[in-house]
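The chain contents come next:
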Amino acid sequence: MSVDILLGLQWGDEGKGKVVDFLAPKYDVVARFQGGPNAGHTLEFDGIKHVLHQIPSGVFRPEIRNIIGNGVVLDPVILKKEIEGLAKYKVNLEENLIISKKAQLILPTHRLLDAAYEKAKGEEKIGSTLKGIGPTYQDKIGRSGLRVGDLLSPNFIEKYKALVEQHKTILEFYNFKYELQSAEEKFFEAVEFLKKFNLSDSEYLINEAISFKKSILAEGAQGSLLDIDFGSYPFVTSSNTMAAGACTGLGVAPKNIGEVYGIFKAYCTRVGSGPFPTELFDEDGKRMQKEGNEFGATTGRPRRCGWLDLPALKYTVMINGVTQLFMMKADVLSIFEEIKVCTHYEMADGHMLDVLPYEIGDGSLKPVYKTMKGWNKSLNGVSTFEEMPLELTNYIQYLEEQLEVPINIVSIGPDRTETIIRE
Ligand code: GDP
Ligand code: IMO
Ligand code: MG
């Protein structure tokens, strides 16, 4: 059996959590391969809304093993809080959660460094979630990070102190004021708590699961336009959010990858700074934000909204080798009489592009839109593709033609049940 990958094709928050939870019954294992507590994945069922940050979204299905892979950066304090928050739902995490010993640890000083770097950038700040993601990946690549497996080492404290001393020197350089003691107390409490869980060389478990023909779903965080290599650099996150990241972030060989499910919203959103060609600053943008309840699941910040951007979506379908598309939040577009899709960019010299240029943030690029008739009525009660309003079917068909990949799931509400599958 192979590993299927589910990932976001835009700037994150496409609805990955909802779909992973929906698809989870088909899988034996759900595994996160990158990112960390910058993610906020929302799941809704039985009238309850859950937001997961580091725990994979298969956690509510008791038969599923959930793996936090080596590509993840893990904050023990946030993980402890998440696990404690789940206690009342009787999920057996001591048995069902496996944490890679090779996942990097986010230390309290990584969070301080994140804040110091953002402050120093001033107007040019990334709009980071300030969870310490960038500085932790920096230490990983710089070969000075600490990993989950180090927690079990008798000289963990010495390793910790040595790294924190380096961080303090940088914080001093930035003249960044901080208080560390209470954060460190919480960190060491959480470290002890973490030791109760299954810390393992999870690449063996995954490859064993593959050879025993178990089905595995790799759950991406963020989205391809936030990818460190292919996103809107430097306004990106610090990991490979694309399909290839699942191989390095879990220890899975490319030949073992099966389906690549690409998730996109029927429009676009972005939280934090950085270019966003189709961003709306008018009444339509405000209505989209309100109807879609577009506020960050991790930071509560309002998400910027705009029409669907086809050149960007074609690009992320290409770099991920997407085999199936899932379109989310179609219900949000029900409020519009007309729907727009960006088909091209008009460049400063007047020529048209339908690919993503190197520079999308210098104001030289103007989106060109195709306008389509909206369905402009509620999708409540629609449960099959056949029952969809004609205008929605037209929208889907047009996108499929453009993207050359079938849209096999359309989501029309946050609840698990509000999901339409192509039979
Ligand atoms: P993720 O980070 O990709 O898992 O997405 P988030 O959870 O951050 O953001 C998606 C938001 O949209 C959450 O509040 C979901 O509950 C909600 N959502 C997901 N699918 C749908 C949908 O089809 N319609 C509506 N209205 N909301 C949805
Ligand atoms: P999920 O998994 C949306 C954005 C931040 C910021 C940039 C860098 O819920 O889709 P970082 O904290 O990684 O240094 O922030 O990336 N960002 C996200 N935006 N959804 C996310 O995750 C995000 N994780 C990070 O807003 O612009
Ligand atoms: Mg999110």
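Scroll up to find the structure.
Below is a summary of the structure that appears in this document. (Residues numbered from 1 in each chain as written. Chains lettered and ligands numbered in written order. Predicted model: local features only at pLDDT ≥ 70, side-chain atom pairs only at ≥ 80, totals over all residues. Heavy atoms only, no water.)

**A word on the site of ligand 1**
Phase 1 of the analysis: In the vicinity of ligand 1, 20 residues are found, and the nearest of them are Gly15, Lys16, Thr42, Asp331 and Ser411.
Phase 2 of the analysis: Gly17 is positioned with one of its backbone polar atoms (N or O) 2.9 Å from an oxygen atom of ligand 1.
Phase 3 of the analysis: Contact distances for ligand 1 include 3.2 Å between an oxygen atom and a side-chain N or O atom of Arg303.
Phase 4 of the analysis: Protein burial of ligand 1: of its 580 Å² of free accessible surface, 94% is covered by the chains.
Phase 5 of the analysis: At the level of secondary structure, the elements contributing two or more residues to the shell around ligand 1 comprise helix H1 (16–23) and strand E3 (41–45).
Phase 6 of the analysis: Along the lines of polarity and charge, the residues of the shell around ligand 1 split into five nonpolar, seven polar and eight charged. (Near = heavy atom within 4 Å. Polar contact = N/O pair within 3.5 Å; in protein donor to acceptor, adjacent residues only side chain to side chain. Areas by Shrake-Rupley, 256 points an atom, 1.4 Å probe, with all protein chains shown as cover. Helix = DSSP H or I, 4+ residues; strand = E, 2+ residues; numbered from the N terminus. Nonpolar A, V, L, I, M, F, W, Y, C, P; charged D, E, K, R; others polar.)

**Some words on the nonpolar core**
Phase 1 of the analysis: In terms of nonpolar packing, the biggest core is built from 56 residues, with Phe264, Leu325, Met327, Leu333, Tyr395, Leu399 and Val410 touching the most fellow members.
Phase 2 of the analysis: Apart from the residues lying within four places of it in its own chain, the contact partners of Leu333 are Ala266, Tyr267, Met288, Trp307, Ile339, Trp375 and Tyr395. (Core = buried A, V, L, I, M, F, W, Y, C linked by side-chain atoms within 4.5 Å. Buried < 20%, exposed > 50% of the residue type's maximum accessible area, 1.4 Å probe, protein only. Contact = heavy atoms within 4.5 Å.)

**Quick look at the pairing of strand E15 (residues 324–328)**
Phase 1 of the analysis: E15 sits mainly inside the fold: five of its five residues count as buried.
Phase 2 of the analysis: The alternating pattern of E15 places Gln324, Phe326 and Met328 on one face and Leu325 and Met327 on the opposite face, and all of these are buried.
Phase 3 of the analysis: Note: strand E11 (residues 257–265) against E15, five bridges, orientation parallel. Residue pairing across strands places Tyr261 opposite Gln324, the latter belonging to E15. (Pairing = 2+ DSSP bridges.)

**Brief notes about the coordination of the magnesium ion (ligand 3)**
Phase 1 of the analysis: Only Asp13 (OD) and Gly40 (O) from the protein coordinate the magnesium ion (ligand 3), and they sit 2.0 to 2.2 Å from it. Of this pair, Asp13 sits in the loop between strand E1 (3–8) and H1 while Gly40 sits in the loop between strand E2 (29–32) and E3, and the two are 27 residues apart along the sequence.
Phase 2 of the analysis: Under the relative-accessibility criterion, Asp13 is labelled partly exposed at 21%.
Phase 3 of the analysis: On the basis of relative accessible area, Gly40 is assigned to the buried category, the value being 11%. (Donors = N, O, S within 2.8 Å, 3.2 Å for Na, K, Ca; no water.)

**Considering helix H2 (residues 76–86)**
Residues spaced three or four apart along an α-helix point in a common direction, a consequence of the helix completing one turn every 3.6 residues.
Phase 1 of the analysis: Those residues of H2 not exposed but buried are Pro76, Ile78, Leu79, Lys80, Glu82, Ile83 and Leu86.
Phase 2 of the analysis: Capping of H2 at its N-terminal end is provided by Asp75; its side-chain oxygen lies 2.8 Å from the backbone amide nitrogen of Val77.

**Quick notes on the site of ligand 2**
Phase 1 of the analysis: Within the structure, ligand 2 sits among 21 residues, and Asp13, Lys16, His41, Thr129 and Thr237 are positioned closest to it.
Phase 2 of the analysis: A distance of 3.0 Å is found between an oxygen atom of ligand 2 and a backbone nitrogen or oxygen belonging to Val271.
Phase 3 of the analysis: When ligand 2 sits alone it has 550 Å² of accessible area, and the protein chains cover 97% of it.
Phase 4 of the analysis: The class makeup of the residues in the shell around ligand 2 is eight nonpolar, ten polar and three charged.

**Quick look at the sheet that holds strand E20 (residues 419–421)**
Phase 1 of the analysis: If you trace the ten strands from one edge of the open sheet to the other, you get E9-E7-E5-E2-E10-E1-E11-E15-E19-E20, paired in mixed fashion. Of all strands in the sheet, those bounded by a partner on one side alone are strand E9 (198–200) and E20. Across the sheet, the mean angle from the axis of one strand to that of its neighbour is 20°, orientation sign disregarded.
Phase 2 of the analysis: Both E2 and strand E10 (residues 216–223) contribute to a ladder of four bridges, which runs parallel. Following the sheet pairing, Val30 is matched in E10 by Leu217.
Phase 3 of the analysis: Its contacts with the sheet place helix H9 (residues 243–250) against E1, E2, E10 and E11, and it is angled at close to 125° to E1. (Axes fitted to C-alpha atoms, helices over the stretch in contact; angles between N-to-C directions.)

**Some points on the side chain of Thr136**
Phase 1 of the analysis: The residue Thr136 is located in helix H5 (residues 133–141) in this model.
Phase 2 of the analysis: On the basis of relative accessible area, Thr136 is assigned to the buried category, the value being 1%.
Phase 3 of the analysis: Polar contacts involving the side chain of Thr136 include one to the main-chain carbonyl oxygen of Gly132, which spans 2.6 Å.
Phase 4 of the analysis: When residues no more than four places from it in sequence are discounted, the contact partners of Thr136 are Val73, Gln104, Leu105, Ile106 and His110.

**Notes on H1**
Phase 1 of the analysis: Within H1, seven of the eight residues are buried, leaving the element largely enclosed by the surrounding structure.
Phase 2 of the analysis: Listed as buried for H1 are Lys16, Gly17, Lys18, Val19, Val20, Asp21 and Leu23.

**Regarding the pattern of salt bridges**
Phase 1 of the analysis: Inspection of every chain in the model, using the stated rule, returns 22 salt bridges.
Phase 2 of the analysis: Here Asp201 and Lys102 are joined by a salt bridge, their closest N and O atoms 2.9 Å apart. Residue Asp201 is found in the loop between E9 and helix H8 (202–211), and its partner Lys102 is found in the loop between strand E7 (97–100) and strand E8 (104–105); the two are separated by 99 residues along the sequence.
Phase 3 of the analysis: Look at Lys102 and you get partly exposed, because its relative accessible area is 28%.
Phase 4 of the analysis: Here Arg303 ties to Glu294 by a salt bridge, and the two come within 2.7 Å at their closest N and O atoms. Each member of the pair, Arg303 as well as Glu294, is classed as buried.
Phase 5 of the analysis: Three or more residues are tied together by salt bridges with common partners; here these are Asp13, Lys265, Glu294, Arg303 and Lys329. (Salt bridge = Lys/Arg side-chain N within 4 Å of Asp/Glu carboxyl O.)

**Focus: the packing of aromatic side chains**
Phase 1 of the analysis: Within the structure shown, the criterion is met by 14 aromatic pairs.
Phase 2 of the analysis: Ring geometry for Phe173 and Tyr174: centres 5.3 Å apart, planes at 85°, overall edge-to-face.
Phase 3 of the analysis: The exposure class of Tyr174 is partly exposed, given its relative accessible area of 33%.
Phase 4 of the analysis: One aromatic cluster in this structure is built from Phe156, Tyr160, Phe187 and Phe188.
Phase 5 of the analysis: Sitting over the face of the ring of Phe193, Lys80 holds its NZ or CZ atom 5.7 Å from the ring centroid.
Phase 6 of the analysis: One cation-aromatic arrangement involves Arg416 over Phe45; the distance from NZ or CZ to the ring centre is 3.8 Å. (Phe/Tyr/Trp six-rings, centres within 6.5 Å; stacked < 30°, edge-to-face > 60°. Lys NZ or Arg CZ within 6 Å of the ring centre and 35° of its normal.)

Read these as layout, nothing more, since geometry by itself doesn't imply function.
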